[in-house]
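# A closer look at the structure
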Amino acid sequence: MRTYLLTIMLAIAASVAQAQHPIEFKVKVLTVDSNEGCSVADFDNDGKLDISAGRNWFRNGDWLPRPVRMIEDRDGYVRSNGEWAYDVNGDGNTDVISMDFVQEAVNWYENPGPELLSIGAMWPQHLLANTGLLTNETSYLVDLNGDGRPEWISDQWNKTNPLVAWSFVTEKAQTPNATGRKTAANEDLVPKLNQHLIGTSTGHGIGFGDINGDGHLDILVGTGWYEGPDSNPLDGRWRFHPAWQIQGACPMIVHDVDGDGRNDVLVSKAHDYGISLWLNQGVADDGEIKFNESLIDDSYSQAHCLHLADLDGDGTAELVTGKRVRAHNGRDPGGKEPPIVKYYVWDPKEKKYEGHVISQGEVGIGLQIRTADLDDDGDLDLVFAGKEGTQILFSQLK
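Residues numbered from 1 in each chain as written. Predicted model: local features only at pLDDT ≥ 70, side-chain atom pairs only at ≥ 80, totals over all residues. Heavy atoms only, no water.

## Some details on the overall build of the chain
Helices and strands together make up the secondary structure of the chain, namely 2 helices and 30 strands. The C-alpha atoms of the chain give a radius of gyration of 21 Å, which matches the 21 Å a tight globule of 398 residues would have. Structurally, the chain occupies a C-alpha span of about 70 × 50 × 50 Å along its principal axes. For the chain, buried positions account for 54% of its 398 residues. When contacts within the chain are restricted to residue pairs at least 6 apart in sequence, long-range pairs at least 24 apart make up 51% of them. Entry remark: accessible area of the chain is about 17500 Å², with carbon and sulfur atoms responsible for 49%. Averaging the coordinates of the 33 positive side-chain charges in the chain and doing the same for the 61 negative ones gives two points 5 Å apart. (Helix = DSSP H or I, 4+ residues; strand = E, 2+ residues; numbered from the N terminus. Rg over C-alpha atoms; globule rule 2.2 N^0.38 Å. Buried < 20%, exposed > 50% of the residue type's maximum accessible area, 1.4 Å probe, protein only. Contact = heavy atoms within 4.5 Å. Areas by Shrake-Rupley, 256 points an atom, 1.4 Å probe, with all protein chains shown as cover. Lys, Arg positive; Asp, Glu negative; His and termini not counted. Charge placed at Lys NZ, Arg CZ, Asp CG, Glu CD.)

Structural data, given as structure tokens:
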């Protein structure tokens, strides 16, 4: 009897969850510019999540733009390929790390603290590294060695450029701190990045996750995937598997979609039509992992960024993506078509994704998609920054 009642309750719960789709979202425009990166963090330490996006940060509540940095516009691009919120100098204030598509500098922007934030102070810029790489598609903070501290890594659209990870270190300051504030526990030490070569092949697209089931983080790139080593991942090159040639999403998503215990890959053609699911079929006779590819959606182009988030609160993550606005300034297939944002719900019975429109003709995506409960109502809201502006899409889930 108890089993029967449990079955009925689960069926009702599933029915309720299904009835919640499509979820409605209310759009709030924060600013109009061409910046394509954003991050979410409590920048002023008031206990509420704020947003950073290019030149500005936006305080939770009034959501007004407040200055962070100046960024140059050139050839249809804001000179930033995304940003990450991280307390670089360990002072308790969350900073922003960013770099450019075509410049080698990785910079961090020092949060000046709540008092100076309240009067609109700019955030001092500091150099973390000169990478020597000038074809930076996107950049990420990922903990590659499991020590609780992330590494900085950028994929290169030039396939012949190396894949390099950068770990945070502190070094003796060469010049006095221009801000007059400590930049580390000892004012003579400054944060820097230390180089670690992963391999010599990259290509457009990147993803992170364990795709071979050995318990170690692997790295996917546009030309294949790097197998995470058993130990000391920053101490040598990773074994490379040249499994594909794609111009893939940033990021590609590693996730067990069908629940069979093997991680699959969600991927898109970042500058063409097509979002696909690569179902992991396990290791073939040649020792390589094989995938069964199925199309999710090809009704719009330039799904440059993919993101997973549990939008309906049922414990299963949905796929969120959309059309990157003017990714190559309209030169891609479908590049001048109207923007769109969608989410996709996995149907375990039909073994396919069902798509739902979030916004059409008003909001598109850029290089990063962020989700967080910004209004503290128990559901996840969306943040998009693209070439038609930065927006919050507040979930109306009931």
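Next comes the rest of the write-up.
## Side note on the pattern of salt bridges
Evaluated as defined, the whole model comprises 14 salt bridges. Two residues, Arg324 and Glu36, come together in a salt bridge whose shortest N-O distance is 2.6 Å. Taken together, the residues Arg324 in the loop between β25 (318-322) and β26 (340-347) and Glu36 in the loop between β1 (25-31) and β2 (39-41) connect sequence positions 288 residues apart. For Arg324, a relative accessible area of 2% corresponds to the buried category. Where Arg59 meets Asp46, a salt bridge forms, and the shortest distance between an N and an O atom there is 3.9 Å. Placement of the pair is Arg59 in the loop between β4 (56-58) and β5 (65-67) and Asp46 in the loop between β2 and β3 (50-53), with a sequence separation of 13 residues. Asp46 gets classed as partly exposed once you look at its relative accessible area, which sits at 31%. (Salt bridge = Lys/Arg side-chain N within 4 Å of Asp/Glu carboxyl O.)

## Re the sheet that holds β1
The 4 strands lie next to each other as β1-β30-β29-β28, forming an open sheet whose pairing is antiparallel. In this open sheet, the two edge strands, each paired with only one partner strand, are β1 and β28 (369-372). Going from strand to strand, the sheet's axes swing by 20 degrees on average, the running direction of each strand aside. Across 4 bridges, β28 lies against strand β29 (residues 381-386) in antiparallel orientation. (Pairing = 2+ DSSP bridges. Axes fitted to C-alpha atoms, helices over the stretch in contact; angles between N-to-C directions.)

## Considering the confidence of the model for the chain
Chain-level statistics for the chain give a pLDDT mean of 93 and a share of 92% at 70 or above. Contacts from residues 1-19, a stretch scored under 50 in pLDDT, to residues over four places away or in other chains number 2 contacts. (pLDDT = per-residue confidence, 0-100.)

## Some words on the packing of aromatic side chains
Per the stated rule, a full pass over the model turns up 11 aromatic pairs. Seen in terms of ring centroids, Trp84 and Tyr140 are 5.7 Å apart; in terms of plane orientation they differ by 55 degrees. Their pairing is tilted. Placement of Trp84 in strand β8 (residues 83-86) and of Tyr140 in strand β12 (residues 136-142) is noted, with a sequence separation of 56 residues between them. Judged by its relative accessible area of 16%, Trp84 is buried. A residue is classified by how much of its surface remains accessible, and Tyr140, at 9% relative accessible area, is buried. (Phe/Tyr/Trp six-rings, centres within 6.5 Å; stacked < 30°, edge-to-face > 60°.)

## Quick look at the nonpolar core
Of all hydrophobic cores here, the largest spans 30 residues; its most connected members are Ile97, Trp152 and Ile219. Here this core takes 5 residues from strand β14 (residues 163-172), the largest share from any one element. Look past the residues within four positions of Ile97 in its chain and what remains in contact with it is Gly82, Glu83, Trp84, Tyr86, Val88, Val106, Asn107, Trp108, Leu128, Leu141, Trp152 and Phe168. Judged by nonpolar contacts, the second largest core, of 17 residues, contains Leu311, Val320, Ile365 and Ile369. (Core = buried A, V, L, I, M, F, W, Y, C linked by side-chain atoms within 4.5 Å.)

## Concerning the state of the cysteines
All chains considered together, the criterion is met by 0 disulfides. Cys38 takes part in no disulfide bond, and the closest cysteine sulfur, belonging to Cys305, lies 8.6 Å away. On the basis of relative accessibility, which here comes to 0%, the residue Cys38 falls in the buried class. Of the cysteine sulfurs around Cys305, a residue in no disulfide, the closest is that of Cys250, at 7.9 Å. Cys305 sits in the buried class, given a relative accessible area of 3%. (Disulfide = S-S within 2.5 Å.)

## Examining the pairing of strand β30 (residues 389-395)
With 7 of 7 residues buried, β30 is to be regarded as a mostly interior element. Burial along β30 is two-sided: Gly389, Gln391, Leu393 and Ser395 and Thr390, Ile392 and Phe394, pointing in opposite directions, are all buried. Where β1 lies against β30, 6 bridges are found, and the strand directions are antiparallel. For Lys28, the partnering residue across the bridge sits in β30 and is Ile392.

## Things to note about the environment of Phe25
With respect to the helices and strands, the residue Phe25 is situated in strand β1. A relative accessible area of 12% means that Phe25 is categorised as buried. Phe25 sits 56 residues away from Asn81 along the chain, and the two C-alpha atoms are 27 Å apart. Beyond its immediate stretch of four places on either side in the chain, Phe25 contacts Leu311, Ile358, Leu380, Leu382, Leu393, Phe394, Ser395 and Gln396.

## Let's talk about the sheet that holds β5
Reading across from one edge, β2-β3-β4-β5 is the order of the 4 strands in this open sheet, with antiparallel pairing throughout. Two strands bound the open sheet, and with one partner strand each, they are β2 and β5. Across the sheet, the axes of successive neighbouring strands diverge by a mean angle of 30 degrees, strand direction being ignored.

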